[in-house]
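These are the residues of each chain, in order.
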Amino acid sequence: MKKEIKYLLFKDLIKGLSITLKNFFKTPVTVQYPKEKVKLYPSFRGRHALVRDPLTGDAKCVACLKCQQVCPSRCIDINYTTDLETGARKLISYKIEALRCIYCGYCEEVCPVGAIVLTEWFEYSSRNKEALIFDKEALLKNWDEFIHSYPEKVYTNKYWNLKGIPESNKSALKREGIYVKIKD
Amino acid sequence: MEVISLFAKEYPFYITSAVLIFLGIALLLLKRNLLMAVLALEIAFNGINLLFATASHYLGDPKGKMVVLLVLAISAGSFAIGLILVVNYYRAKQSLSLEELRLLGEKENE
Amino acid sequence: MVERGLLLFVLTFFVLFLFFLTFIFRQILYQFLTILLIMVLLGIYYLFLNAEFIAAIQVIVYAGAILIMFLFTIFLFPEEELKYSRDILKTHYSSFLPLGFFLALFLFSLFKAIPKSYKEQNFYFDLKILSKILFNDYWITIYILAFLLSLPMIALYIFFKREERSGSN
Amino acid sequence: MGLSNNSLLFYLFITFAEIMVVLGIILLHAAYTVYIERKVIGRMQARLGPMEVGPYGLLQPLADLIKLLFKEDILPRDSHKTLFQIAPLVLLACAIANLSVIPFNPSFLIADVNLGVLVVLALASLGVYGIILAGYSSGSKYSLLGGLRSAAQVLSYEIPLGLSLAGVILAAESFSLKDIVEAQAQSLLGVYALPQFLGFIVFLICAFAETNRAPFDLPEAESELVAGYITEYSGFRMGLFFLAEYISMYIMSLLIALCYLGGWSLPWWLIALFPFLQALPPTLVLALKVYFFIFLFIWVRATFPRYRFDQLMSMSWKILLPLSLINFMWVAILKRGGL
């Protein structure tokens with residue numbers, strides 16, 4: 001009997017209608033993207049870049065291949081030569097296929113010197129494929145473009161120094177904390 | 001102009017009703033299709049309806065138009081029954097031709 | 001009066017035109033469409049006879065119920081059945097003769113039956129008059145009509161019951 | 001024949017002008033109902049709706065129209081060409097012709113037919129041909145099945161619709177919509193929606209089904225029928241179908257407002273409570289009622305899921321038809337009691 005009364009008074013229908021009416025007066029969550037932009041958080045992972053060392057003016061990369069090994073989508077390709085006398089490695093080419101990248105941030109995390117970074121820059125879509133396969137020069141240029149409009153004096157990335165990793169597993173540089181000085 | 005003033009009288013109604021009755025009978029006899037036959041009878045009904053309504057209007061008697069209403073209602077029912085018969089006939093014989101419709105029973109005795 | 005005559009002239013012309021089209025078409029669907037138009041035009045004829053109610057009922061019942069039922073039935077049949085395999089009209093032109101004779105006789109007797117001088121009654125078809133006659137003087141007819149109208153429903157019920165039974169066996 | 005006050009030419013000219021005014025207003029309304037529908041449904045889903053074309057997306061209907069006009073005109077190979085082209089026009093013509101018998105205020109009415117309600121019902125039954133022919137002539141099985149489904153839906157909902165209107169006709173003792181409004185204003189409660197609550201609800205549900213709107217929008221059941229009878233249509237012809245749908249939405253809203261909510265008149269108890277309402281112009285009162293129902297159409301579309309086809313048919317024949325008959329008897333009892 002209760003069920004019939006519920007049917008007759010359209011209780012369910014009115015409940016559903018009231019929910020939509022309540023939503024009608026809420027402010028919409030839509031962001032009008034090209035006109036207004038959402039605030040990006042410091043850990044945002046966007047376009048790839050190789051950090052330009054302010055001292056040498058070249059990439060910080062030491063060609064340890066850790067990023068190439070850890071990359072889940074295998075989009076990093078590194079060529080290097082080994083100096084036979086000192087055993088030091090020298091970078092020849094560094095290539096990232098941004099089309100294959102899944103923006104996990106593992107490469108940033110694993111890098112012992114903080115050489116690679118996913119910048120907070122995301123508007124870089126292109127119509128041709130070649131523009132999205134970054135080689136070393138392009139990656140350095142990406143860094144310059146990004147850092148040019150960076151407001152603060154010192155740049156550091158959350159993934160360079162993730163919490164919860166035992167100190168013994170970190171490189172010596174990382175224990176001190178990696179940061180890039182941009183301007184004095 | 002004279003023709004048109006003639007048409008203002010009852011002649012167009014008579015012509016149309018005759019044409020409709022003729023159309024119904026001709027479709028029934030010439031097209032030899034069971035589905036069309038049911039529709040043809042409806043058209044003949046319509047012709048007779050128009051005749052009733054015309055006579056009722058020009059003689060000033062509302063009963064004629066009442067007959068039209070009755071015929072309308074009854075023909076709606078009869079048409080539905082006719083269509084059911086046609087569909088059932090087609091299921092039995094796999095054909096709609098009127099020419100094969102010459103037996104009352106189900107089987108043909110050779 | 002002139003306007004009425006002109007409109008009726010055009011209407012009758014249309015009906016005759018559709019009449020010939022119905023014969024020319026060889027597919028039942030197109031014939032059906034011309035007949036549909038004739039039925040709707042008949043509604044206008046009833047308007048000229050001061051019978052608005054019948055005009056509306058004509059369109060609602062014939063165009064809205066009966067012919068739609070027919071259209072649904074048309075879609076039940078395969079397309080080969082909806083064309084005429086053998087058109088008698090094409091092979092036996094002489095079959096038009098008796099029918100033409102019948103039409104001529106019918107028209108002749110009709111126009112013979114029209115009184116030479118009739119007084120046109122400007123009688124308005126009022127629904128209230130109709131319903132008074134219908135429900136007071138002819139109530140038996142109404143009951144018979146109600147019974148007749150329930151017949152198709154009963155027929156349909158029996159039809160589908162039989163279908164169910166034959167389907168289960 | 002000069003342009004004197006009672007010549008035929010003058011009469012034709014006046015009628016033509018009236019038709020143009022009503023048509024222009026209703027087409028503008030139909031176009032902007034599309035915009036408002038997108039906006040309102042967007043807000044109900046916490047979105048913004050169209051914003052790009054013009055301020056607040058106000059020129060969106062114009063952009064849609066231009067897009068539809070310049071699209072390629074496709075005629076499917078297996079279609080019956082003539083019927084395929086005629087079908088949307090049949091539907092649209094039957095929807096627009098309804099406007100001729102609908103009074104917009106006490107003095108403005110294109111054709112004062114004393115059988116207005118029957119004309120509306122007759123045109124609704126003729127509009128079904130547009131749907132069936134569109135489905136059949138497309139030469140596609142999705143179209144045919146969708147067309148037959150919608151036709152069956154519209155046909156079976158026409159019966160409770162007509163029967164619930166019969167209650168109104170019985171109470172007002174007239175088929176003319178103008179007389180119905182006037183009789184309603186003088187009735188005991190001022191509106192027929194209160195004494196004939198059952199008929200009002202039945203009519204409302206049938207109005208949703210007659211216009212093929214949600215939750216009865218079987219033609220738009222993409223998972224089953226692609227797009228029903230409009231599957232093969234594109235460009236301007238598809239636009240005509242949508243135009244017909246939106247115009248018939250307005251027709252149904254106008255009918256509800258006129259037959260059940262007192263049209264341009266306000267019930268006496270409302271005026272007794274708020275005397276300032278008497279100053280409202282009659283057309284505005286009617287328009288407010290109509291806009292409310294248009295909003296209801298959109299609101300319901302944003303809220304309810306679609307019915308299954310067998311539920312739809314059984315609802316019409318097993319629930320709405322008996323309810324409308326009960327309503328009719330109830331009105332007869334009220335009438336007998338002198339109310």
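Just so it is clear, the structure is predicted and the values come from calculations on it, not from any experiment.

Looking at this structure, how should I read the pairing of strand E3 (residues 89-97) of chain A?
Successive side chains on a regular strand alternate, one facing one side of the sheet and the next facing the other. All names here are of chain A. Alignment of strand E2 (residues 76-82) against E3, held across 7 bridges, turns out to be antiparallel. Of the residues in E3, the one forming a bridge with Thr81 is Lys90. Turn length for the E2-E3 hairpin, with the two strands adjacent in sequence and antiparallel, is 6 residues, and the turn residue Gly87 shows positive phi of about 80°. Pairing analysis gives 2 bridges linking E3 to strand E5 (residues 133-134), with the strands arranged antiparallel. Of the residues in E5, the one forming a bridge with Glu97 is Ile133.

What am I meant to see in the sheet that holds E5(A) here?
Backbone-to-backbone hydrogen bonds pair the strands of a sheet. The strands run either parallel or antiparallel. The antiparallel open sheet is built from 3 strands, whose spatial order is E2-E3-E5 (chain A). This sheet does not close on itself; its edge strands, each paired only once, are E2 and E5 of chain A.

How should the pattern of salt bridges be read in this particular structure?
When their charged atoms lie close together, side chains carrying opposite charge are able to pair. Applying the stated criterion to the full structure yields 14 salt bridges over all chains. Notably, a salt bridge pairs Glu145(A) with Arg47(A), separated by 2.7 Å at the nearest N-O pair. Residue Glu145(A) is found in helix H5 (residues 136-148), and its partner Arg47(A) is found in the loop between helix H2 (11-24) and strand E1 (48-50); the two are separated by 98 residues along the sequence. Given the relative accessible area of 9%, Arg47(A) is considered buried. Residue Glu173(D) is joined to Lys335(D) by a salt bridge in which the shortest nitrogen-to-oxygen separation is 3.2 Å.

How do you make sense of the layout of surface pockets when you look at a structure like this?
Left-over empty space is what a probe sized like a water molecule reveals as it rolls over the atoms. Of the pockets and cavities examined, the second largest pocket occupies roughly 1600 Å³. Along the walls of the second largest pocket sit 45 residues, with Phe10(A), Leu13(A), Ile201(D), Leu204(D) and Ile205(D) positioned nearest its centre. Contributions of two or more residues to the lining of the second largest pocket are made by helix H1 (2-8) and H2 of chain A together with helix H7 (197-210), helix H10 (268-273), helix H11 (282-303) and helix H12 (309-336) of chain D. At 8 residues, the largest contribution of residues to the lining of the second largest pocket is made by H7(D). Its residues assigned to classes, the lining of the second largest pocket comprises 37 nonpolar, 3 polar and 5 charged.

Help me out: how do you make sense of the packing of aromatic side chains in this one?
All names here are of chain D. Summed over all chains, the structure comprises 34 aromatic pairs over all chains. Pairing Tyr233 with Phe241 gives two aromatic rings, centres 4.8 Å apart and planes at 75°, and the pair type is edge-to-face. Exposure class is identical for Tyr233 and Phe241. Each is buried. Residues Phe274 and Phe276 carry aromatic rings whose centres are separated by 6.1 Å and whose planes lie at 65° to one another, so their mutual orientation is edge-to-face. Classification of Phe274 by relative accessible area gives partly exposed; the value is 39%. Assessed through its relative accessible area of 59%, Phe276 is described here as exposed. Through a chain of ring-to-ring contacts, the aromatic side chains of Phe200, Phe203, Tyr260, Phe292 and Phe293 assemble into a single cluster. Lying over the aromatic face of Phe309, Arg149 brings its terminal NZ or CZ to 4.9 Å of the ring centre.

Honestly, the interface of chain C and chain B in this entry has me stumped. Any pointers?
Interface size, as often reported, equals the accessible area lost upon joining of the parts. Listed per partner, the contact involves 79 residues of chain C and 71 residues of chain B. Contact between chain C and chain B buries roughly 7100 Å² in total, counting both sides, with carbon and sulfur atoms accounting for 81%. Linking chain C with chain B are 5 residue pairs in polar contact (both at pLDDT 80 or more), by the criterion used here. When residues of the side of chain C that touches chain B are traced back to their parent elements, those giving at least two are helix H1 (2-24), helix H2 (28-48), helix H3 (52-76), helix H4 (88-91), helix H5 (96-113), helix H6 (127-137) and helix H7 (139-168) of chain C. Considering each element in turn, the side of chain C that touches chain B owes the most residues, 13 residues, to H3(C). The residue inventory of the side of chain C that touches chain B, partitioned by class, reads 61 nonpolar, 11 polar and 7 charged.

I would appreciate a short explanation of the environment of Leu99(D) in the present structure.
Residues and elements named next belong to chain D. Along the chain, Leu99 falls in the loop between helix H3 (81-97) and helix H4 (116-137). Looking at Leu99, the relative accessible area reads 3%, which means it is buried. Along the primary structure Leu99 and Leu198 are separated by 99 residues, whereas in three dimensions their C-alpha atoms are 26 Å apart.

Help me out: how do you make sense of the domain arrangement of chain D in this one?
All names here are of chain D. Split by domain assignment, chain D resolves into domain 1 (1-70) and domain 2 (71-336). For domain 1 versus domain 2, the separation of C-alpha centres amounts to 19 Å. Here domain 1 meets domain 2 over a buried area of about 2100 Å², counting both sides, of which 79% is carbon and sulfur. There are 2 salt bridges connecting domain 1 and domain 2. In this structure, the salt-bridge partner of Arg301 is Glu37, at a minimum N-O distance of 2.7 Å.

Please explain the interface of chain D and chain A as it appears in this structure.
Across the boundary between the two partners, chain D contributes 15 residues, which contact 14 residues of chain A. Overall, the association of chain D and chain A removes approximately 1400 Å² of surface from exposure, summing both partners, and the carbon and sulfur fraction of that is 71%. The tally of links between chain D and chain A comes to 1 salt bridge. Put simply, Lys35(A) and Glu52(D) hold a salt bridge, and the shortest N to O gap is 3.6 Å. If you look at where chain D meets chain A, you find 6 residue pairs in polar contact (both at pLDDT 80 or more). The biggest single contributor to the side of chain D that touches chain A is H11(D), with 5 residues.

Mind showing me how you'd approach the side chain of His48(A) here?
Residues and elements named next belong to chain A. Along the chain, His48 falls in strand E1. Under the relative-accessibility criterion, His48 is labelled buried at 2%. Excluding residues that lie within four positions of it along the chain, His48 makes contacts with Ile96, Ala98, Cys101, Tyr103, Val117, Leu118, Tyr124, Phe134, Leu139 and Asn142.

About the criteria used
- All residue numbers refer to positions counted from 1 along the written sequence of the respective chain.
- Chains and ligands are labelled sequentially in the order written, the chains with letters from A and the ligands with numbers from 1.
- Since the coordinates come from a predicted model, pLDDT governs what is reported: local features require at least 70, and pairs of side-chain atoms require 80 or more to be given and counted, while whole-chain, interface and lining totals use all residues.
- Hydrogens and water molecules were not included; the side-chain quantities draw on all heavy atoms of the structure.
- A pair of strands is treated as paired once DSSP finds two or more bridges between them.
- Strands here are runs of E lasting at least two residues and helices are runs of H or I lasting at least four, both read from the DSSP assignment and numbered beginning at the N terminus.
- The term salt bridge refers to a pairing of a side-chain nitrogen on Lys or Arg with a carboxyl oxygen on Asp or Glu at a separation within 4 Å.
- Three labels apply to residues, based on accessible area from a 1.4 Å probe with only protein chains included: buried if under 20% of the type maximum, exposed if over 50%, partly exposed otherwise in between.
- In this analysis, the protein atoms alone were mapped onto a 1 Å grid. Cavities are point sets where a 1.4 Å probe fits without being able to get out; pockets are open sets with protein on both sides within 12 Å along at least five of seven lines; lining residues have an atom within 4 Å of a point.
- Grid points are joined across faces, edges and corners, and a volume is the space filled by probe spheres set on the points.
- When residues are grouped by polarity, Ala, Val, Leu, Ile, Met, Phe, Trp, Tyr, Cys and Pro land in nonpolar, Asp, Glu, Lys and Arg in charged, and all others, Gly among them, in polar.
- What counts as a ring pair is set by centres within 6.5 Å for rings of Phe, Tyr and Trp (its six-membered ring), and what kind of pair is set by the plane angle: stacked under 30 degrees, edge-to-face over 60, tilted for all other angles.
- Charges are assigned to positions over rings by a cutoff of 6 Å between ring centre and Lys NZ or Arg CZ, combined with an angular limit of 35 degrees from the ring normal.
- Residue contacts are counted whenever heavy atoms from the two residues lie within 4.5 Å of one another.
- By convention, the term buried area covers the 1.4 Å-probe accessible surface removed from two parts as they join, with the contributions of both added.
- Polar contact is defined as a pair of N or O atoms within 3.5 Å, subject to the rule that within protein one atom must be able to donate a hydrogen and the other to accept it, and that residues adjacent in sequence are counted only when both atoms are side-chain atoms.
- Where each domain begins and ends follows an automated or database-derived domain assignment.

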